[in-house]
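# Architecture at a glance
Letter by letter, the chains look like this.
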Amino acid sequence: MYIKKLLKSLIPLYILLLLNPILLFIIASVYATYNIDNLTNFINNYGGIILILTNITYIIYIIKKHRIKVNKYNLIDNYPKIYLFISIPLFLNSLILLINNQKIPTINIYIALFGSVIIGPILEELIFRYLIYNNLNKFNKKNTSIILSSLIFALVHNGFINIVYAFIIGTILTIIYSKNKNIKEVIILHMVANLMSLLIKEYNPIILISSFMCLIFSLYIIKMNK
């Protein structure tokens, strides 16, 4: 019975995991009927754009179906959380780069900005925080729902380091969302985190130290505000 409820609560994720590859396959198949020689180039050049358009469509569908209303969010009043989500990705990514001792490969900056910094956070927060966390919360305790939704969020990422990183970020985002149920807040924080991750390309000791100091400072301010 519990497993059935758990699997049912993940339906929005199933749709996402199936929608992107199926649509890409259909479009690539249609393209291949006319120009099969350049199919690989087509996927490399336009695959990211197709996925972004698919995700935008799914975002609109989720908002319309669930009649999601966006609450107000004052960036100035919530500056400690902004600091927190600037410092965490900078610190963790610096730490990862220090351990791995390698540069991050260059990618299309426009696709990365629009896909990872804007569309990705909106879609992921709607699915993992607004839908999955709330679904899990119907038949789990709050802390269990936070851990489960964050773990599921982490497992859709590739690689052990990315999974651990996503679990940390996902857990903090879910805790924040669980307190005030403001989806706009976690979307903005997720956007900030992804932007910071995108900006850091190689290890820099100054960034590591300064981000750690910023992390401690933001946690202190958040604790004092409580």
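Scroll up for the structure.
Below you will find a few notes about this structure. Values in this document were obtained by computation on a predicted structure and should not be read as measured data.

Parameters and conventions
Residues numbered from 1 in each chain as written. Predicted model: local features only at pLDDT ≥ 70, side-chain atom pairs only at ≥ 80, totals over all residues. Heavy atoms only, no water. Helix = DSSP H or I, 4+ residues; strand = E, 2+ residues; numbered from the N terminus. Rg over C-alpha atoms; globule rule 2.2 N^0.38 Å. Buried < 20%, exposed > 50% of the residue type's maximum accessible area, 1.4 Å probe, protein only. Contact = heavy atoms within 4.5 Å. Phe/Tyr/Trp six-rings, centres within 6.5 Å; stacked < 30°, edge-to-face > 60°. Lys NZ or Arg CZ within 6 Å of the ring centre and 35° of its normal.

Here the focus is the overall build of the protein chain. Counting its secondary structure elements, the protein chain contains nine helices and zero strands. Tracing the protein chain from N to C terminus, the helices and strands come up as α-α-α-α-α-α-α-α-α. In terms of overall dimensions, the protein chain is globule-like: its C-alpha atoms have a radius of gyration of 19 Å, near the 17 Å expected for 226 residues. Counting only C-alpha atoms, the protein chain reaches 65 × 45 × 30 Å along its principal axes. Taking all 226 residues of the protein chain together, 41% fall into the buried category. Considering only contacts in the protein chain between residues 6 or more positions apart, those separated by 24 or more positions represent 79%.

Okay, the packing of aromatic side chains next. Considering all chains together, one arrives at seven aromatic pairs under this definition. With 5.5 Å between their ring centres and 75 degrees between their planes, Y2 and F139 make a pair best called edge-to-face. Placement of the pair is Y2 in helix α1 (residues 2–9) and F139 in the loop between α5 (109–137) and α6 (142–155), with a sequence separation of 137 residues. With relative accessibility at 37%, the residue Y2 sits in the partly exposed group. With a relative accessible area of 21%, F139 lands in the partly exposed category. Measuring from ring centre to ring centre gives 6.2 Å for Y83 and F217, while their planes differ by 45 degrees; the resulting arrangement is tilted. You can see Y83 sitting in helix α4 (residues 79–100) and its partner F217 sitting in helix α9 (residues 205–225), a full 134 residues away along the chain. You can call F217 partly exposed: its relative accessible area is 41%. Geometry around F153 places R129 over its ring, the cationic atom sitting 4.7 Å from the centre.

Glancing now at unusual backbone geometry. The phi dihedral of R67 is positive, around 50 degrees, even though this residue is not glycine. Relative to the helices and strands, R67 resides in the loop between α3 (39–66) and α4. Classification of R67 by relative accessible area gives exposed; the value is 72%. Positive phi is not limited to glycine here, since K181 has a value of about 55 degrees. With respect to the helices and strands, the residue K181 is situated in the loop between α7 (160–180) and α8 (183–199).

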